[in-house]
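# Tertiary structure, described
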Amino acid sequence: MNGTAPAARRRNAGVDGLKGVAIIAIVLYHLQVVGFAGGYLFVDVFFAVSGFLTVTGLLRHAADGSAHPVRTYYLRRLRRLYPTLLVVTLATVFAAWFLCRAALVGIGTQVAGALTFTYNWVALASDASYFANLTPEPLQHLWFVALLAQVLLVAPPLVALLRRIGRRTPKAPPVILAALALASALAMGILYDPANPTRAYFGTDTHCFGLLLGMAYGWSVATRTGPAPIAGAGAAWPDQRLVHGRGAAQALAALALLGLVIGAVAVRDTGIAMRGGLVLSAVLAVLALRGCLDADSTVSRALGIRPLAFLGRHSYGIYLWHYPVFVIIASRMPGLDLAHPDVRAAGLYAGTLALTAALCTASHHLFDRPVAQRGGVIGAFFARDVWIGRGAQVARASAGLGIVVCLALGSGLVVWNAPCMTPTQAILEADEILQTHASTMSSGVNAMGEARRSAKDAPSSIADAFDAQIDADAATEAQRQAALDAANAEQNQQAQQSQQSQQNPTQQSSTDAAPAPQQAAATAGMPTGAQMSMIGDSVMLSAMPSLMASFPGADIDAEVSRQFGKGPILAQQGVDNGTLRQWVVIGLSTNGTVSQAELDNLLRICGGSRVIVLVTGYAESRSWIDPDRQILTSFAAAHPDNVVLADWYAAISPQAGLLVDGVHPQGAAGEDLYVQTIRDSISAWLAAGHAAPAQ
């Protein structure tokens, strides 16, 4: 748009302010600030606003009789989305090589998905999880851009079809769009899987309802007011027909904003979000948007204050830059616990925000604005008038072109040489091999070395990781075998003593000191591996050697990125096929939130004849760990006869150095501490006078 915009085409500061509030909530969520576990609900505010502006813009171009409205639409969308996306992607890859190489695992696929607007489906195909990750993925937030671009791609033909329908039935298009939004919301609820909610969240089919609702509202408004006043992002709406019902609209808008803020603070359970919470957020976003369209309204003026409006105008750049900056900086701060913020956390937040602001400013002046003003990359960097212009203009073009070339070359080399697996993943893969051969491990843990060495036929990066791990474990293998033999001997001796005491309890050596009653009860009731079913995530998987050494014959089912919702499902399967044992150890608190409903369901499935051992989680920079621990603790206290709490969080917090990556136990010492936490909790529970389940 050239020249000064007429009054009817001025930006609406209230709409910009609404986007500003949304970007604040999303940044707080991504930075894992305590108290904003539901900040991702504001994503649908952006979707609703984008859908609204898209449909009104297309209708305006159609009404203006533009020669090539569709081509113009696509070029404008591409110029808006692609320059910053390209620079952020290349810069993130380049920076990760120096600062966070663990993030480079699978980076080639991620880059391809990011630059082709298919990141959401690429992530789903690779089984990535948005709500819990083993490795840092600084480009993961680009699922939003991909989903947005996919809907924008089909918007012109969809609008053209609806215009044809609207000629016969004027009220049909918004109804059809609303119906499509409802279908998308229902699909999200149906396809939602508590064990992996990412499919429902990333899918274009399941998460396009916000865009569709915004389009439906935009069509309805354009029908009432005409498309002519609709202009660009956050257009002003002078048409007096919108003033009708102003008081009710303002009240609803204020309540909608309040509801969105409450959701960002209160919603922790992804089940609530996927089964109505997100679509409700989209509806509230539309109501808030309605309150902003009247530029003179109270809501519009409140949201249109300069700081919020400024953030809204630059929300796209802020969204793209802040997440990779945060992930890379956080990866350089081991031992960071964002659930309990301290000075280091404050430094992380301050550094992330400052660097994000600097990068947004630079990319805006070097890439976004030149491309937008000159119509494309060619015009921005290679047009003749660029290089014969003022010195500042030449310097800006030179800097922008040089940065793009350097980032492209550097990122290409990084992708070519990127590792295929992190050391932690390599160790976990070896432990998965160990798990599949659990029947051969009852005689000892020496087979662990053989299992890990067998994976050396894999790519060299894996072999290097195995070599390092084998060297680290070599010095402790003999001790661990001795510990295993001692444990087995102790169990055999206890069994013999128990049998002898039952046959003739009076025939005990007078020189043996009689154990305390509670200690004797705890020792006698300690379960063997044959009595235990264990369901866990990658933390349990990483402790596999020690678990098998301490509980020979235990049925262990552990898997990377597994969430708590999978626990009741697997327990029910065990009940159905008769394989669920008397003691059920659940270690699923690392990768996502725990709900009361899931715990109640687990207790119902296990019934009163089994004992559940709930292992608390520990993970640096994951905000749900502390609230989940409180839920597990309260649940164990409410069901003392059937539930045991194994507080891994309390055990590992003072010894976080035993974690390889802030999450997984490292080496024999870390693994043994995990196992000892379980043993000690069971022993204390038995010593408190609780009865062990019947065999």
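Residues numbered from 1 in each chain as written. Predicted model: local features only at pLDDT ≥ 70, side-chain atom pairs only at ≥ 80, totals over all residues. Heavy atoms only, no water.

### Remarks on the packing of aromatic side chains
What characterises a pair of aromatic rings is the spacing of the ring centres plus the angle enclosed by the ring planes. Note the threshold: Only Phe, Tyr and Trp rings are paired, with Trp represented by its six-membered ring, and only when their centres lie within 6.5 Å; those with planes under 30 degrees apart are stacked, over 60 edge-to-face, the remainder tilted. Burial classification: accessible surface area is computed with a 1.4 Å probe over protein chains only, and a residue below 20% of its type maximum counts as buried, one above 50% as exposed, and the rest as partly exposed. Only DSSP runs of H or I with at least four residues qualify as helices, and only runs of E with at least two residues qualify as strands; both kinds are numbered from the N terminus onward.
With the rule as written, the count across this model stands at 17 aromatic pairs. Taking 6.2 Å as the distance between ring centres and 35 degrees as the angle between the ring planes, the aromatic pair formed by Y201 and F202 counts as tilted. Note on F202: relative accessible area 0%, which makes it buried. The interplanar angle of 75 degrees and the centroid separation of 5.1 Å between the aromatic rings of W648 and Y674 together place this pair among those described as edge-to-face. Here the residue W648 occupies a position in helix α28 (residues 648-652), and Y674 occupies one in helix α29 (residues 667-687), the gap between them amounting to 26 residues.

### Looking at the pattern of salt bridges
Stated precisely, the cut-off is as follows: The working definition used for a salt bridge is a side-chain nitrogen of Lys or Arg within 4 Å of a carboxyl oxygen of Asp or Glu.
Counting across every chain of the model gives four salt bridges. With a closest N to O distance of 3.2 Å, D557 and R562 form a salt bridge. The exposure class of R562 is buried, given its relative accessible area of 5%. Where D647 meets R629, a salt bridge forms, and the shortest distance between an N and an O atom there is 2.7 Å. Of this pair, D647 sits in the loop between β5 (643-646) and α28 while R629 sits in helix α27 (residues 625-638), and the two are 18 residues apart along the sequence.

### Description of empty space enclosed by the protein
Rules: Computed over the protein atoms alone on a 1 Å grid, cavities are sets of points where a 1.4 Å probe fits but cannot get out and pockets are open sets with protein on both sides within 12 Å along at least five of seven lines; a residue lines them when it has an atom within 4 Å of a point. Grid points are joined across faces, edges and corners, and a volume is the space filled by probe spheres set on the points. Three categories are distinguished: nonpolar for Ala, Val, Leu, Ile, Met, Phe, Trp, Tyr, Cys and Pro, charged for Asp, Glu, Lys and Arg, and polar for the others, with Gly belonging to the last.
According to the stated counting rule, one finds three cavities of 30 Å³ or more in the structure shown. Taken as a whole, the second largest cavity holds about 50 Å³ of empty space. Forming the walls of the second largest cavity are D537, V539, G587, L588, S589, T590, V615, T616, G617, W648 and Y674. By residue class, the composition of the lining of the second largest cavity is five nonpolar, five polar and one charged.

### What to know about the confidence of the model for the protein
The condition is simple: The predictor rates its confidence in each residue with pLDDT, a number between 0 and 100. The contact criterion used is simple: two residues touch if any of their non-hydrogen atoms lie within 4.5 Å.
Averaged over all residues, the pLDDT of the protein equals 80, while 74% of them reach at least 70. The secondary-structure element of the protein with the lowest mean pLDDT is helix α20 (residues 447-454), recorded at 46, while helix α7 (residues 172-191) shows the highest, at 96. Scored below 50 in pLDDT, residues 465-470 shows 14 contacts in the model against residues more than four places distant or in partner chains.

### Quick word on a nonpolar patch on the surface
Selection criterion: Patches in this entry comprise residues that are over 30% relatively accessible and not in a salt bridge; like charges within 9 Å are linked, as are nonpolar side chains (Val, Leu, Ile, Met, Phe, Trp, Tyr) within 5 Å. Shrake-Rupley sampling with a 1.4 Å probe provides the accessible areas, and residues are treated as covered by the protein chains on show and by no other component.
Together, L182, L186, I190 and L191 give the surface a local cluster of nonpolar side chains, amounting to about 420 Å² of exposed area. Positionally, I190 belongs in helix α7. Given the relative accessible area of 68%, I190 is considered exposed.

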